[in-house]
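Here is how the chains run, residue by residue.
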2 protein chains.
Amino acid sequence: MQARILELLRDEGPLSRVQLADRMGVSRTTIAAEVTRLGELGLAQEVGRAASNGGRRSKLVDLDPDIRFLGISIGATGLSVGITDGRLAVLAARSVDCDIRQGPEIVLAVALDEARAVMAEAGVDEPLGAGIGVPGPVDFHRGVSVSPPIMPGWDGYPVRDAVARELGCPVVLDNDVNVLAVGEQHAGVARAARDFLYVKIGTGIGCGIVVDGDLYRGVDGCAGDIGHIRISDDGPLCACGNTGCLEAYAGGAALARDARAAARTGRSPVLAELLEAQGELSAADIGVAVARGDAYALQLIRDSGHGVGQVLASLVSFFNPSLIVIGGRVTGLGHALLAEIRSVTYRRSLPLATGNLPIVISELGDQGGVIGAARLISGSVYAPFHDARA
Amino acid sequence: MQARILELLRDEGPLSRVQLADRMGVSRTTIAAEVTRLGELGLAQEVGRAASNGGRRSKLVDLDPDIRFLGISIGATGLSVGITDGRLAVLAARSVDCDIRQGPEIVLAVALDEARAVMAEAGVDEPLGAGIGVPGPVDFHRGVSVSPPIMPGWDGYPVRDAVARELGCPVVLDNDVNVLAVGEQHAGVARAARDFLYVKIGTGIGCGIVVDGDLYRGVDGCAGDIGHIRISDDGPLCACGNTGCLEAYAGGAALARDARAAARTGRSPVLAELLEAQGELSAADIGVAVARGDAYALQLIRDSGHGVGQVLASLVSFFNPSLIVIGGRVTGLGHALLAEIRSVTYRRSLPLATGNLPIVISELGDQGGVIGAARLISGSVYAPFHDARA
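Reading guide: rules and limits
- Residues numbered from 1 in each chain as written.
- Chains lettered and ligands numbered in written order.
- Predicted model: local features only at pLDDT ≥ 70, side-chain atom pairs only at ≥ 80, totals over all residues.
- Heavy atoms only, no water.
- Helix = DSSP H or I, 4+ residues; strand = E, 2+ residues; numbered from the N terminus.
- Buried < 20%, exposed > 50% of the residue type's maximum accessible area, 1.4 Å probe, protein only.
- Lys, Arg positive; Asp, Glu negative; His and termini not counted.
- Salt bridge = Lys/Arg side-chain N within 4 Å of Asp/Glu carboxyl O.
- Contact = heavy atoms within 4.5 Å.
- Buried area = accessible area lost by both parts, 1.4 Å probe.
- Polar contact = N/O pair within 3.5 Å; in protein donor to acceptor, adjacent residues only side chain to side chain.
- Axes fitted to C-alpha atoms, helices over the stretch in contact; angles between N-to-C directions.
- Parallel < 35°, antiparallel > 145°, perpendicular 65-115°, else oblique.
- Left-handed = near helix turned anticlockwise from the far one by under 90°.
- Nonpolar A, V, L, I, M, F, W, Y, C, P; charged D, E, K, R; others polar.
- Pairing = 2+ DSSP bridges.
- Domains from an automatic or database assignment.
- Least-squares fit on C-alpha atoms with pLDDT ≥ 70 in both.

## Focus: the side chain of Asp195(B)
Step number 1: With respect to the helices and strands, the residue Asp195(B) is situated in the loop between α6 (176-187) and β11 (196-201).
Step number 2: Despite being buried, Asp195(B) has no salt bridge partner; Arg194(B) is the closest side chain of opposite charge, sitting 6.5 Å away.

Structure, rendered in structure tokens:
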């Protein structure tokens, strides 16, 4: 009951007692009693009266203005950290480059340094809780990373407990794609969607699944691991040890590999030039080459989009979502990628399932991970009050 | 509240007032009042006292013994009809061959004849409600079939309302795979599973998806339509008009087509013999040929299993289910099919997702559809009492 009040205030803003009573199907007296208790806990309070519509004006309830959450979103090549208020508006945020392969001690030390800096900036001594996303499978209940293909050294590392010890507050750990999906649901294009997919194309490829408004994690917590769906019987070796995985064709690391090959073999003169000038190439350089009119670079992007579209078409037939959001660094490569993903997905799926299916690019950028991580911990912090009344 | 009591009694059998109060987190007084109201409605009643454990024995509550549901499960080539009690035990059932392509008037007339016969057999004048499954996409809320590829003449036909008019009771319509999944959940191998897939390989191929104990239908109601996932860029023409669909490789209709080709070209001497003797071949004849040691027939089954396994591997990576149940006529072809499906699915999925994943054959047969259809209508009949207390 109290958790539901807190979630409504988080997602919709200040509500009158009457509105809360209506939404929850309970009496105003019950709401008043619960709000008093939430006030004692420092979580919610009355903030005046709602606009009148003739009768006596109902008291307006809002979250405590001093609630602060910390969101930490760790990707393969960089991390973002931010402080939000109770409604998950970002008050301060920082992003830095950081290679996940340095292992948990170093990466988490960087994250905690950034966290302390951003807390100082926002004048926060101790957040109510912190959410963390990492780019690989997570045992959600134990709060540890499990056999993450692109995260050497992280397997079994107790990320949640280590960070909780450092920060002195409750922490939740989830994989980065779940965190991004939840951020999109709170503040992005998926606000109105109940059943949607968030597909991240970064160094790797993964998918967050939302069913009826809640994250779906699967029985072992590894639902959405679409990067290792096999799209070909042979093909390049994947970081997971198999061949033919989507990720090994279409992820950021695969694109960087293909860019280097295209430069070395001379198939792409622009990429060859960039390689000579920079000494190395990333997926982003393919976008630069496309902007300079390089036809082979454009083909690399189309091939990537084709692979992603192939897998999405299968998922659309299976899951029949109301929306697909595409995010991750690789979306910075420009419109050709989205065009190819859409074209293949729409062509290969059932007409019934794609009739009203938007496939759109996330507009939240790095903030999506921060907001999503903050939302996960907000749900967890509020949850202890779930059955307070039962 | 009342719906929840009825569902608990349906799924677990007679429960004491104390047990009901515990499960639902309400007082015994509340339970007593609700049971009285359910008695007035003819749905539940007190049936004596529970076994004593020292104190005063709690009153035992059970469903009314006169509750009857009708389940109708229509497949592409046959239909099953049955009468169940409130706990969905089948009291009488009948199955007949019937070609779905004869159109809704003829097929529904056959179904209603069988329904009346089975009602007479079980001494039922009027069931509390009827559930129907049909082998194609359904608009669940409107109760009509929509653009079903293998069901000419059914598009837009008001199946639910037509049957409700004939039977004079509430009716729900769903697709056959959802109905089978729900039947498996109630009385089959999926009883303990919260998140599982039921894959039917019949004339076509489809999948029922259960998320946290409830059917997941997707935003347009066509989730689970995996028969039209493309597993190859070319390949045989599918009934849906596309090429390369799973169903066009691995479904019963595809197997019958391949059996005929193998007979005509002489690649399978046994199938050639069967074709000459019978004048036609079905998928089942491939099983006969395998039993007689025909190597090419065995290869046909393996190819079919390979295609199904390819798609299941993708779905396992995406959905991370706790169980996959395989059902449908084609499973009658024997162990080679299941062996191939398992082999490909396990090999191509993430180890984390397949570590504890059983892939098993349904043991319910035709009764699965009857029980599932009865369960769907039981939920719908109980649902009006869902908010009776709010």
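## Re the interface of chain A and chain B
Step number 1: With 36 residues of chain A at the interface, the matching set in chain B holds 36 residues.
Step number 2: Of the roughly 3,200 Å² buried where chain A meets chain B, counting both sides, 60% is carbon and sulfur surface.
Step number 3: Counting the contacts that link chain A with chain B gives 0 salt bridges.
Step number 4: For the pair chain A and chain B, the number of links is 10 residue pairs in polar contact (both at pLDDT 80 or more).

## Topic: the packing of helix α1 (residues 2-12) of chain B against helix α14 (residues 366-382) of chain B
A pair of packed helices is characterised by two quantities: the angle between their axes and the separation of those axes.
Residues and elements named next belong to chain B.
Step number 1: The interhelical angle for the contact between α1 and α14, taken along N-to-C directions, is 150 degrees, at an axis separation of 9 Å. Here α14 runs roughly antiparallel to α1, going by the angle between their axes. The handedness of the crossing between α1 and α14 is right-handed. Contact with α1, carried on its side by Ala-3, Leu-6, Glu-7, Arg-10 and Asp-11, involves Arg-375, Ser-378, Gly-379 and Tyr-382 of α14 and no other residues of that element.
Step number 2: Its residues assigned to classes, the contact of α1 with α14 shows 3 nonpolar, 2 polar and 4 charged.

## Here's the deal with the side chain of Lys200(B)
Residues and elements named next belong to chain B.
Step number 1: Mapped onto the elements of the fold, Lys-200 is located in strand β11.
Step number 2: At 2.7 Å, the side chain of Lys-200 and the side chain of Asp-176 are in polar contact.
Step number 3: Sequence-distant contacts of Lys-200, defined by excluding residues within four places in its chain, comprise Asp-176, Val-177, Leu-180, Ile-205, Gly-206, Gly-327 and Gly-328.

## Details of the sheet that holds strand β10 (residues 171-175) of chain A
All names here are of chain A.
Step number 1: Here 5 strands make up an open sheet; going across it, the order is β6-β5-β4-β7-β10 and the pairing mixed. Bordering the open sheet on either side are β6 (90-97) and β10, each of which pairs with just one other strand. The mean inter-strand angle of the sheet, taken between neighbouring strand axes irrespective of direction, is 15 degrees.
Step number 2: Here strand β7 (residues 129-134) pairs with β10 via 5 bridges, running parallel. For Ile-132, the partnering residue across the bridge sits in β10 and is Leu-173.
Step number 3: This element, helix α4 (residues 104-122), spans β4 (69-74), β5 (78-84) and β6 of the sheet and lies at about 30 degrees to β5.

## Remarks on the domain arrangement of chain A
All names here are of chain A.
Step number 1: Each domain of chain A was delimited in the assignment, giving domain 1 (2-65), domain 2 (69-184 + 367-382) and domain 3 (191-363).
Step number 2: For domain 1 and domain 2, the distance between their C-alpha centres works out to 30 Å.
Step number 3: Both faces combined, the contact of domain 1 with domain 2 buries some 790 Å², and carbon together with sulfur accounts for 59% of it.
Step number 4: Across the contact surface, domain 1 and domain 2 share 1 salt bridge.
Step number 5: Residue Asp-11 pairs with Arg-375 through a salt bridge whose shortest N-O separation is 3.1 Å.
Step number 6: One can count 2 residue pairs in polar contact (both at pLDDT 80 or more) joining domain 1 with domain 2.
Step number 7: Ranked by the residues each element gives to the side of domain 1 that touches domain 2, the list is headed by helix α1 (residues 2-12), at 7 residues.
Step number 8: Grouping the constituent residues of the side of domain 1 that touches domain 2 by class yields 6 nonpolar, 1 polar and 4 charged.

## Observations regarding the relation of the copies chain A and chain B
Step number 1: The two copies are related by a screw motion: chain A maps onto chain B through a turn of 180 degrees and a shift of 0.0 Å along the axis, at an RMSD of 0.1 Å. Classification of the inter-copy transformation places it as that of a two-fold axis.
Step number 2: By residue overlap, the copies meet face to face through one surface: 100% of the interface positions of chain A are interface positions in chain B.

## With respect to the environment of Leu255(B)
All names here are of chain B.
Step number 1: Residue placement: Leu-255 occurs in helix α8 (residues 252-264).
Step number 2: On the basis of relative accessibility, which here comes to 0%, the residue Leu-255 falls in the buried class.
Step number 3: Separated by 241 residues in the primary sequence, Leu-255 and Pro-14 place their C-alpha atoms 46 Å from one another.

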